[in-house]
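Read off the chains here:
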Amino acid sequence: MPENASEVTAAGIARLAGVGRAAVSNWRRRHADFPKPVGGTDTSPAFALSEVEGWLRAQGKLAEVPLRERVWQRAESHPAGTAAALRQAGAVCLLVRERPDAATRMKGAQGTEAGEAVGGLFERHFGGRFAPGAPVDAELLRGAAELAAGMGPRQAYEFLLGRYLDANPRQYTLTPPAPAELMAALAGPARTVLDPACGTGTLLRAAEAPHEVYGQEADPDLAALAALRLALHADPAAAVRVAGGDSLRADAFPGLAADAVLCHPPFNERNWGHEDLAYDPRFEYGFPARTESELAWVQHCLARVREGGTVVLLMPPAAASRRSGRRIRADLLRRGALRAVVALPAGAAPPYGIPLHLWVLRRPGTGTPASPHLLLVDTAGSQDAAPGGEKAPWQTVRATVLDAWQSFDRHGTTEERPGVSRALKVIDLLDDDVDLAPARHLPPPAAAGGAAELAGVRDRLAATLLRSAELAPAPPGRPSPPAGRSPRSANWPAPGHWCCARAATAAPAPTAVPPCSPSTTSSAAARPAAPCPRGRPGRSRS
């Protein structure tokens, strides 16, 4: 087999044939002519793609391998790794977007010519910050060019990148598109947007038509893939600048003053640079404890936004209440930097088991008075409020958050909605804990339906009682009330008089009972009921 031939795993064979992995295992056991493994491990063997395709066709289990599957299998078996292969495929997609005839020219390109074209594109777009990876696979580039011409450059690269991320679910923590769009909407329109922990670029891609996009990612492979993704998504005239490296220890944009910063920082990082950054000027609100890496990211983002610029971060709920961070939270409140804390429903973003928070901050401007209020929004209980206990639609969560924030941002306060949102005075939060969890400070929600619902229940109950009186048989010797009229309107005795009459009628004749007799400890039933006072409801007296 040629050294650079494509390989495929059992999962890939199942995907090609449209069957489950158990079926592939059965084929290997039952068919002696099934292709033998050419690599991999005992638990995850790899097979030659050409041999697998030939066997599937011979068995009538495959008519033709789709182009996108062939390109993916080629990328997955690249000798330098899948990430390096996606760099090359993404560069070809970007080349096809710039020059639609590149797909035709790439068909006859050899390895050297194709490598020069990809390398020149990386140099032109990213200033040599990323290399296309070696060796260059000409067959992969030709397939990627054909795929980009058929599906569209952006869609082709999104398919390949999505397949790569699905194959490595535990390696990367991704921001789902829906929370990313909500964070971009909270930040508002901005010409310059930064994400200092950009991952695959989801937050930057959600920004509303920025002119300049800045991103930094600690993983160099992910940084290169994010750069290609953003370049394919952004307007051709927009500047995309993505760098590799740790933003806290090695900031790639130290002089940047962006209009908005969006960030989903890593949570619970102990090795974030606590020993090396003690005197860093970015920490003007206080030096975070070793366990407060999220507050270090908050201050880094505030240091890279202009005065009056907006910062939106996805935060763990513990960052709003841990005692080790109370002094920094208090200073953020006193100086008017922290403007809103939003509790999202559990499952909105990883880790999916806890309800994460959104922090909305504004860098205080010189001479600008600090905001006296903090907006607190809790959508974590929206699942309980949904009918049948089902999860509330994300659009409901998004509308709730944006309505509260836009009103608060415009007027400095907002109408209180019990259990959902309120604007709380900062002075009321500056206690010993400085706990900013929204659920702690929101009044409980009103009963379902409120006063109008209670009035409706009362009317229905009155109608039911009236109907019951109409259907009940009249006592002996008493006329039945006419239909549609209550017993009282039919000249029945008033309730008190009726009670007295029943008690007087039912009581037996009085008998002499010796006092203190053990056999007659209760004499209430033997005594006649006293007549009721005139005009007051009667009760038998004992």
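As a convention, each chain's residues are numbered from 1 in the sequence order in which they are written. In keeping with the predicted nature of the model, local features appear solely for residues at pLDDT of at least 70, side-chain atom pairs appear and are counted solely at 80 or more, and the whole-chain, interface and lining totals rest on all residues. The side-chain figures draw on all heavy atoms in the structure; neither hydrogens nor water molecules are used.

Peer 1: Help me get a handle on the sheet that holds strand β2 (residues 39–40), residues and values and all.
Peer 2: Read from one edge to the other, the open sheet built from three strands follows the order β1-β3-β2, with strand pairing classed as antiparallel. Of all the strands in the sheet, just β1 (7–9) and β2 have a single pairing partner and so form its edges. A pair of strands counts as paired when DSSP detects no fewer than two bridges linking them. The helix and strand labels rest on DSSP assignments: H or I over at least four residues marks a helix, E over at least two residues marks a strand, and numbering proceeds from the N terminus. Inspection of the sheet shows β1 paired to strand β3 (residues 45–48) by three bridges, in the antiparallel sense. Looking at the pairing, V8 lines up with F47 of β3.

Peer 1: Before we move on, could you go through the nonpolar core and cite the residues and values that matter?
Peer 2: Side-chain atoms within 4.5 Å are what join buried Ala, Val, Leu, Ile, Met, Phe, Trp, Tyr and Cys residues into a set we call a nonpolar core. When accessible area is computed with a 1.4 Å probe and restricted to protein chains, residues below 20% of their type maximum are described as buried, those above 50% as exposed, and intermediate ones as partly exposed. Counting 84 residues, the largest nonpolar core has V92, F130, Y164, L186, V242, L262 and L358 as its most contacted members. Of all hydrophobic cores here, the second largest spans 42 residues; its members include L277, A296, C301 and V305.

Peer 1: Before we move on, can you summarise the side chain of T310 with the specific residues and values?
Peer 2: With respect to the helices and strands, the residue T310 is situated in strand β8 (residues 305–315). Side-chain atoms alone can form a polar contact between residues adjacent in sequence; in general such a contact is a pair of N or O atoms within 3.5 Å, and within protein one must be able to donate a hydrogen while the other accepts it. Within the local environment of T310, its side chain forms a polar contact with the side chain of R362, the two groups lying 2.7 Å apart. Contacts are residue-level and defined by heavy atoms, with any inter-residue pair within 4.5 Å sufficient. Other than its neighbours up to four places away in sequence, T310 contacts L186, A187, D259, A260, V261, V305, V360, L361 and R362.

Peer 1: If you had to explain the packing of helix α4 (residues 67–76) against helix α9 (residues 153–167) to someone new, which residues and values would you point to?
Peer 2: Direction vectors running N to C along α4 and α9 enclose 55°, while the axes themselves pass 11 Å from each other. One way to sum up the angle between α4 and α9 is to call them oblique. Viewed along their axes, α4 and α9 form a crossing whose handedness is right-handed. Together, R68, E69, V71 and W72 of α4 and F159, L160, R163 and Y164 of α9 make up the contact between the two elements. Helix axes are fitted only over the stretch in contact, all axes being lines through C-alpha atoms; the angle between N-to-C directions runs from 0 to 180 degrees. Throughout, the term roughly parallel applies to angles under 35 degrees, roughly antiparallel to angles over 145, roughly perpendicular to angles from 65 to 115, and oblique to all others. Left-handed describes a crossing whose near helix is turned anticlockwise from the far helix by less than a right angle; the clockwise case is right-handed.

Peer 1: Give a detailed account of the confidence of the model for the protein chain, specifying residues and quantitative values.
Peer 2: Residues at a pLDDT of 70 or more form 82% of the protein chain, whose mean pLDDT is 84. pLDDT measures how confident the predictor is about each residue, on a scale from 0 to 100. Low pLDDT, under 50, characterises residues 516–526; the stretch is placed with seven contacts to residues that sit more than four places away or in other chains. Below pLDDT 50 for its whole length, residues 533–542 participates in 13 contacts with residues either more than four positions away or in separate chains.

Peer 1: Tell me what's going on with the environment of F34, and back it up with residues and numbers.
Peer 2: On the secondary structure map, F34 appears in the loop between α2 (21–30) and β2. C-alpha of F34 to C-alpha of E51: the two residues are 17 residues apart in sequence and 8.8 Å apart in space. The residues touching F34, leaving out its near neighbours within four places in the chain, are I13, V24, W27, R28, F47 and W55.

Peer 1: Give me the lowdown on the pattern of salt bridges, citing residues and values where you can.
Peer 2: Each salt bridge in this description consists of a side-chain nitrogen of Lys or Arg and a carboxyl oxygen of Asp or Glu lying within 4 Å of one another. According to the stated counting rule, one finds 25 salt bridges in the structure shown. Salt-bridge contacts for R229 lead to E158; the nearest nitrogen and oxygen are separated by 2.9 Å. Here E158 lies in helix α9 and R229 lies in helix α12 (residues 220–233), a separation of 71 residues in the sequence. According to the relative accessible area criterion, R229 is buried, its value standing at 8%.

Peer 1: Describe the pairing of strand β4 (residues 192–195), naming the residues involved and giving the relevant values.
Peer 2: Burial along β4 is two-sided: T192 and L194 facing one way and V193 and D195 facing the other are all buried. Pairing of β4 with strand β5 (residues 212–217) involves four bridges; the strand directions are parallel. When the bridges of β5 are listed, T192 appears paired with E212. Relative to strand β7 (residues 258–263), β4 runs parallel, the two sharing two bridges. Within the sheet, the bridge partner assigned to L194 lies in β7 and is V261.

Peer 1: How would you sum up the packing of helix α5 (residues 82–98) against α12? Please name residues and give values.
Peer 2: When two helices pack together, you describe them by how their axes are tilted relative to each other and by the distance separating the axes. Close contact between α5 and α12 brings their axes to 10 Å; oriented N to C, the two are set at 15°. Taken together, α5 and α12 sit at an angle that is classed as roughly parallel. Crossing hand, α5 versus α12: left-handed. Residue-level contacts link A83, L86, R87, G90, A91, C93, L94 and R97 of α5 to P220, D221, A224, L225, L228, A231, L232 and H233 of α12. Gly counts as polar in this scheme, as do all residues outside two lists: the nonpolar Ala, Val, Leu, Ile, Met, Phe, Trp, Tyr, Cys and Pro, and the charged Asp, Glu, Lys and Arg. Of the residues that constitute the contact of α5 with α12, the class distribution is eleven nonpolar, two polar and three charged.

Peer 1: Talk me through the side chain of T175; I want residue IDs and the actual numbers.
Peer 2: By secondary structure assignment, the location of T175 is in the loop between α9 and α10 (177–187). A relative accessible area of 11% means that T175 is categorised as buried. Looking at T175, its side chain comes within polar contact range of the side chain of H264, at 2.7 Å.

Peer 1: Kindly report on the pairing of strand β9 (residues 338–343), identifying the contributing residues and their values.
Peer 2: Most of β9 is tucked away: six of the six residues are buried. Sheet topology places β9 next to strand β10 (residues 357–362); five bridges connect them, and they run antiparallel. The partner of V341 across the bridge, within β10, is W359. Note that β9 and strand β11 (residues 373–378) share four bridges and pair parallel. Across the sheet, V341 pairs through a bridge with L376, a residue of β11.

Peer 1: Please provide a residue-by-residue account of the sheet that holds strand β12 (residues 421–425), values included.
Peer 2: An order of β6-β5-β4-β7-β8-β10-β9-β11-β12 is seen for the nine strands of this open sheet, with the pairing classed as mixed. What marks the edges here is a single partner per strand, and that holds for β6 (239–244) and β12. The sheet shows a mean angle of 15° between the axes of neighbouring strands, taken without regard to direction. Summarising the sheet, β5 and β6 pair through six bridges and their orientation is parallel. Bridge assignment links Y214 to a residue of β6, and that residue is R241.

Peer 1: Give a detailed account of α5, specifying residues and quantitative values.
Peer 2: Here the expected span of a helix is defined as 1.5 Å times the quantity of residues minus one. For α5, built from 17 residues, the straight-helix expectation of 24 Å at 1.5 Å per residue is met to within 8% by its first-to-last C-alpha distance of 24 Å. Where burial is concerned, most of α5 is hidden: 15 out of the 17 residues are buried.

Peer 1: How would you summarise the packing of aromatic side chains if you had to cite specific residues and measurements?
Peer 2: Two rings belonging to Phe, Tyr or Trp (six-membered ring only in the last case) form a pair when the distance between their centres is within 6.5 Å. Interplanar angles under 30 degrees mark stacking, angles over 60 mark edge-to-face geometry, and anything in between is tilted. Under the definition given, this model contains nine aromatic pairs. Both rings, one in W27 and one in W55, keep their centres 5.7 Å apart while their planes meet at 50°; by these two values the pair is tilted. With a gap of 28 residues between them, W27 in helix α2 and W55 in helix α3 (residues 49–58) connect regions that are remote in the sequence. Neither residue differs from the other here; W27 and W55 are each classed as buried.

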